[in-house]
Amino acid sequence: MNTAPGAGPAPAWFTAPGGGRLQLWPQKAAYDPDLRLLLVADAHLGKAVSFRQLGVPVPEATTAAALGQLDGLLAATGAQGIVFLGDLLHSARAHAAGTMAAVAAWRARHPALALTLVRGNHDAHAGDPPPDLGVQVVDGPLHLGPWALLHQPAEVPGAYALAGHVHPGVVLGGRGGDRLRLPCFHFGSGCGVLPAFGPFTGLHVLPGGGGVQQFVVAGDAVQALPPALRRTRCPP
């Protein structure tokens, strides 16, 4: 694992109430060093091509960007497996030949990597990944170590839940009424929500009241949001 000074982005750390530890990376993924497991929520691969097929002008090469981010995370962490917390593919249109060829080429670079998908709401429409990608597909919650892994946030008795679905973010206010919306990792007392990994996704601002820890992703850094800057309610 490469977290030495000058080696690029470094993670923040979160410790769950039950003792599980996570590294929080600015690429908007979490890593459990004890399980050697990378956790990725809401990759939405193929989202841009899905919109383009509907005639909507959107950015190109978003799938390539997401796969490149995964390459960087695997190199930095030494992860032996990835669990996708739902919405790996955006829609049935994500099975377009170009998108699947890019994903297959990425998979060929990591043949020994264990891949698991916990189904999300978009996966119900997109369908499971092609079998030759070697992705184990399950319904949540998936219990691994101290975690209960699922797509839609919910507390799970006996474990700390980790989910996606919401695309959590925060709003930071500046002088002159300026506002900045940024993705964040959002941790409550029994459930944490990871930011959307995909580069072409929106944000949903979550309240940051008592007992909540929020870690803001800003460029190449992840920083804990001080309580004084946390909003106790969503902006109008």
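Note that the structure is predicted; figures quoted are calculated from it, not measured. (Residues numbered from 1 in each chain as written. Predicted model: local features only at pLDDT ≥ 70, side-chain atom pairs only at ≥ 80, totals over all residues. Heavy atoms only, no water.)

Participant: Before we go on, may I ask you to explain the pattern of salt bridges in this structure?
Facilitator: Oppositely charged side chains can form a pair if their charged atoms are brought close together. Summed over the entire model, instances satisfying the criterion amount to four salt bridges. For Arg21, the salt bridge is made with Asp34, and the minimal N-O distance between the two is 3.1 Å. With Arg21 in strand 2 (residues 21-25) and Asp34 in the loop between strand 3 (29-32) and strand 4 (37-40), the pair connects residues that are 13 residues apart, well separated along the chain. For Arg21, a relative accessible area of 31% translates into the label partly exposed. We note a salt bridge from Arg109 to Asp71, for which the minimum N-O separation is 2.8 Å. Taken as a pair, Arg109 in helix 3 (residues 97-109) and Asp71 in helix 2 (residues 62-77) lie far apart in primary sequence, 38 residues in all. Overall, Arg109 belongs to the partly exposed group, its relative accessible area being 47%. Among the charged side chains, a network of salt bridges with common partners joins Arg119, Asp128 and Asp139. (Salt bridge = Lys/Arg side-chain N within 4 Å of Asp/Glu carboxyl O. Helix = DSSP H or I, 4+ residues; strand = E, 2+ residues; numbered from the N terminus. Buried < 20%, exposed > 50% of the residue type's maximum accessible area, 1.4 Å probe, protein only.)

Participant: So what exactly am I meant to see when it comes to the confidence of the model for the protein here?
Facilitator: Here the protein averages 83 in pLDDT, and 77% of its residues register 70 or above. Contacts from residues 2-7, a stretch scored under 50 in pLDDT, to residues over four places away or in other chains number five contacts. Note on residues 232-236: pLDDT is under 50 here. Beyond four places in sequence and across chains, it has nine contacts. (pLDDT = per-residue confidence, 0-100. Contact = heavy atoms within 4.5 Å.)

Participant: Sorry, what's going on with the pairing of strand 2 here?
Facilitator: The two faces of a sheet get side chains in turn, since along a regular strand they alternate between them. The buried fraction of strand 2 is high, at four of five residues. In terms of strand pairing, strand 1 (residues 12-15) meets strand 2 through four bridges, oriented antiparallel. Counterpart to Trp13 in the pairing with strand 2 is Gln23. The loop that links strand 1 with its antiparallel partner strand 2 comprises five residues; one of these, Gly19, has a positive phi angle of about 105°. In terms of strand pairing, strand 2 meets strand 3 through three bridges, oriented antiparallel. (Pairing = 2+ DSSP bridges.)

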